[in-house]
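Now for the letters of each chain:
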Amino acid sequence: MTRANGSSLEAAPSVLAILPEDAARERSALHYARALPRTLFEIARNVIASQGERERTQRDALLAFSVRVMSAGLLYLTQIALARWMGGSEYGIYVAVWTWVLILGAMSHLGLNLAAIRLVPAYRETGDFDRLRGLTRSVRLVALGSGTAVMLAGVAGVWLFQEHIQSHYVLPLYLALVCIPLYALTDVQDGLGRGNAWMGVALIPPYLLRPSLLLLGMIAAKASGLGMDAATAAAAAIIATWLTGIVQALVLNRRLRETVPPGPRLSDLPAWLTISLPLLVMMTAELLMQNTDILVVSRFMSPQDVGIYFAAGKTMALILFVHYAVGSAVAHKLAALHSRGDDAGLRAFVNDAVNWTFWPSLASALVILTLGKPLLSLFGPEFSTGYPVMCILVIGFLFRSAMGPAEYLLNMLGEQRACAAVLLSGAAINVVLNFLAVPRFGLEGAAGATALSLTIIALTSAYVVRRRLGIEIAIWHNLPKFKRD
């Protein structure tokens, strides 16, 4: 973006910002065009070689984004196969019960996955390996223990209230609940991996291995002549979830043995829970934001409508992979810069992160909207009716991307309570709006309620970041700026 009084680039996350001085002084567009290939090559070489902290963070963001893109492909292939094999109704039943696994499994570890992202880099920066070893063990034990308790409570709840549950949901619910303990374990191991900046350990198991195993399980079930219904899909999900958690645990243990010296484990669980419980509130609110529309649609509409809405919503939500990838890569760096007291470095890094989030998200949104109907038709001819849902949801998703990693910034800098309050308020608004809109406006009502709630959360988060941290995080405050030499 240019100003009227000049045209040379200040330090900013742009390819022009690293051009040689003579090129920076040169106003010629032709000169920039000639220099651009060399500049892009230098950027790519530095990122791959990880020369400097910024390049290492860019590499981590690129890895996280690549994993999420590959995961999106696998999930699409899996969901398309399920929809084709199971039919719209059984597919919608599976989507509804798996949504409960997402919510209950992610709540089971009490927010310790996000606490680990904040605490691990702080302990490494200060050399507090006793607490690091204790944290690594404690959060996993809590996840397994509380996940098992939630699973048992869920099974008891389904048994006690099955007369009030539509019969076609009962058996798939019983089966899906078995996934919760290992789902929770995988979540906290994701946090430990990201806290250590091991993006492969954190992301590959849940986002590549688990959907691959689910797809293979369904292929095996189909080849064996088993019924292609929600119960079979839930059984395949049990195998995929448990194997993924175990494999990730083994890989994480090996990396820890290589990088953390042996010694005593110091557990400070009460202090860690003090950090994690506000994060749990935030996570619960986030889960409600992501899934309330699906659950409300399943309450008022048919299983086939659930499947159509899920396919449309998750297709458009692909643009949020950019937000997640950048957040995954920068969270530990935000905590490290804050621990060092490097305020200038933190502000510059936030500027980078906002631009890394918004512009790829905008480009992705345009591509996905262009290909929206063909993508939806892959699930089945009736799924293309969900395209208006995509057009509505994109507004909320882009507003969220425009604020960069606002939630990560608040959490990593000790403002998790404020972040939790923002998300919880937004989630409550989302629940109310969905219950008001879905019975009257159907799928479009669910999309409108969710988009409006996401926009409210995004704007409120930016306001809180400015008031609490003194940082302007919105994209319109972080555009590349120009000045005279």
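Residues numbered from 1 in each chain as written. Predicted model: local features only at pLDDT ≥ 70, side-chain atom pairs only at ≥ 80, totals over all residues. Heavy atoms only, no water.

Enquirer: Quick question: what am I supposed to make of the overall build of the protein here?
Expert: Scanning the protein for helices and strands turns up 17 helices and two strands. Counted over contacts in the protein with a minimum sequence separation of 6, partners at least 24 positions apart contribute 83%. As displayed, the protein has an accessible area near 20500 Å², and 65% of this comes from carbon and sulfur atoms. (Helix = DSSP H or I, 4+ residues; strand = E, 2+ residues; numbered from the N terminus. Contact = heavy atoms within 4.5 Å. Areas by Shrake-Rupley, 256 points an atom, 1.4 Å probe, with all protein chains shown as cover.)

Enquirer: Teacher, can you tell me more about the layout of surface pockets here?
Expert: Rolled over the atoms, a probe with the dimensions of a water molecule shows which regions are left empty. Considered as a void within the structure, the second largest pocket measures approximately 610 Å³ in volume. If you trace the second largest pocket, you find 23 residues lining it, with Trp100, Ile165, Leu173, Leu295 and Ser298 closest to the centre. At the level of secondary structure, the elements contributing two or more residues to the lining of the second largest pocket comprise α3 (53-108), α5 (129-160), α6 (167-177), α10 (269-300) and α17 (416-469). No other element matches the seven residues that α10 contributes to the lining of the second largest pocket. (1 Å grid on protein atoms, 1.4 Å probe; cavity = no way out; pocket = protein on both sides within 12 Å on 5 of 7 lines; lining within 4 Å. Points joined across faces, edges and corners; volume = space filled by probe spheres on them.)

Enquirer: I would appreciate a short explanation of the side chain of glutamine 189 in the present structure.
Expert: Counting through the fold element by element, glutamine 189 comes out in helix α7 (residues 180-195). When its relative accessible area of 0% is taken as the criterion, glutamine 189 is described as buried. Among the polar contacts listed, one links the side chain of glutamine 189 to the side chain of arginine 140, at a separation of 3.2 Å. Not counting residues up to four positions away in its chain, the partners in contact with glutamine 189 are Arg140, Gly245, Gln248, Ala249 and Leu252. (Buried < 20%, exposed > 50% of the residue type's maximum accessible area, 1.4 Å probe, protein only. Polar contact = N/O pair within 3.5 Å; in protein donor to acceptor, adjacent residues only side chain to side chain.)

Enquirer: Honestly, the packing of aromatic side chains in this entry has me stumped. Any pointers?
Expert: Two measures describe an aromatic ring pair: the distance that separates the ring centres and the angle between the ring planes. Inspection of the entire model under this criterion finds eight aromatic pairs. Ring geometry for tyrosine 91 versus phenylalanine 310: centroids 6.4 Å apart, planes at 75 degrees, classification edge-to-face. In this pair, tyrosine 91 sits in helix α3 while phenylalanine 310 sits in helix α11 (residues 303-316), placing the two residues 219 residues apart along the sequence. A relative accessible area of 0% places tyrosine 91 in the buried class. Ring centres of tryptophan 98 and tyrosine 183 lie 6.2 Å apart, and the angle between their planes is 80 degrees; on these two criteria the pair is classed as edge-to-face. On the criterion of sequence distance, the pair formed by tryptophan 98 in helix α3 and tyrosine 183 in helix α7 is long-range, its members being 85 residues apart. The two residues tryptophan 98 and tyrosine 183 agree in class, both being buried. Three or more aromatic residues joined by ring pairs form one cluster here, namely Tyr91, Phe310, Phe379 and Phe383. In this structure, arginine 299 packs its charged tip against the face of phenylalanine 300, placed 5.0 Å from the ring centre. (Phe/Tyr/Trp six-rings, centres within 6.5 Å; stacked < 30°, edge-to-face > 60°. Lys NZ or Arg CZ within 6 Å of the ring centre and 35° of its normal.)

Enquirer: Just checking my understanding: could you explain the pattern of salt bridges for this structure?
Expert: Any two side chains of opposite charge can pair, so long as their charged atoms come close to each other. Scanning all chains against the criterion turns up nine salt bridges. Where aspartate 128 meets arginine 131, a salt bridge forms, and the shortest distance between an N and an O atom there is 3.1 Å. A salt bridge links arginine 468 to glutamate 415; its shortest N-O distance comes to 2.7 Å. A residue pair is termed long-range when its members are at least 10 positions apart, and arginine 468 in helix α17 and glutamate 415 in the loop between α16 (406-412) and α17 qualify at 53 residues. Because the salt bridges share partners, they merge into one network encompassing Asp128, Arg131 and Asp268. (Salt bridge = Lys/Arg side-chain N within 4 Å of Asp/Glu carboxyl O.)

Enquirer: I tried to follow the nonpolar core on my own but got confused; where do I start?
Expert: In globular proteins that are soluble, nonpolar side chains generally tend to be buried together. Counting 141 residues, the largest nonpolar core has Tyr94, Tyr309, Met316, Leu334 and Leu409 as its most contacted members. No other element matches the 18 residues that α3 contributes to this core. Not counting residues within four places of it along the chain, the set of residues in contact with leucine 334 comprises Leu346, Phe349, Val350, Tyr408, Leu409, Met412 and Leu413. Counting residues in each nonpolar core, the second largest holds five residues, with Leu182, Ala184, Leu185 and Val188 among its members. (Core = buried A, V, L, I, M, F, W, Y, C linked by side-chain atoms within 4.5 Å.)

Enquirer: Help me understand helix α8 (residues 199-223) in this model?
Expert: With 25 residues, α8 should reach 36 Å at 1.5 Å per residue; the first-to-last C-alpha distance of 35 Å fits that figure. Of all the bends in α8, the greatest measures close to 40 degrees and is centred on proline 205. The first or second residue beyond α8 is glycine 225, which carries a positive phi of 80 degrees. (Expected span 1.5 Å × (residues − 1). Bend = angle between axes of the 7 residues up to and from the residue.)

Enquirer: Sorry, what's going on with unusual backbone geometry here?
Expert: Trans is the prevailing form of peptide bonds, just as negative phi is the prevailing case for residues other than glycine. Notably, leucine 110 is not glycine yet its phi reads approximately 65 degrees, a positive angle. The residue leucine 110 is located in the loop between α3 and α4 (112-126) in this model. By relative accessible area, which is 27% here, leucine 110 ends up partly exposed.

Enquirer: I would appreciate a short explanation of α4 in the present structure.
Expert: Think of an α-helix as turning once every 3.6 residues; residues three or four places apart then point the same way. Spanning 15 residues, α4 covers 20 Å between terminal C-alpha atoms, matching the ideal 21 Å at 1.5 Å per step. Taking the largest bend as the criterion, α4 deviates by roughly 25 degrees, centred on arginine 118, and proline proline 121 comes between one and four positions later. Glycine 127 occupies a position one or two residues after α4 and carries a positive phi of about 70 degrees.

Enquirer: Can you help me understand the environment of alanine 220 in this one?
Expert: Relative to the helices and strands, alanine 220 resides in helix α8. Residue class for alanine 220 comes out partly exposed when judged on its relative accessible area of 41%. With 16 residues separating them in the primary sequence, alanine 220 and alanine 236 have C-alpha atoms 9.4 Å apart.

Enquirer: Would you take a moment to explain the packing of α10 against α11 for this structure?
Expert: Two packed helices can be described by the angle between their axes and the distance between those axes. Axis separation between α10 and α11 bottoms out at 9 Å; the angle between their running directions is 160 degrees. Relative to α11, the element α10 is oriented roughly antiparallel. Note that α10 runs across α11; the crossing there is right-handed. When α10 is examined against α11, the residues Gln290, Asn291, Asp293, Ile294, Val297 and Ser298 are found in contact with a partner set consisting of Asp305, Val306, Tyr309, Phe310 and Lys314. Class assignment for the residues of the contact of α10 with α11 results in five nonpolar, three polar and three charged. (Axes fitted to C-alpha atoms, helices over the stretch in contact; angles between N-to-C directions. Parallel < 35°, antiparallel > 145°, perpendicular 65-115°, else oblique. Left-handed = near helix turned anticlockwise from the far one by under 90°. Nonpolar A, V, L, I, M, F, W, Y, C, P; charged D, E, K, R; others polar.)

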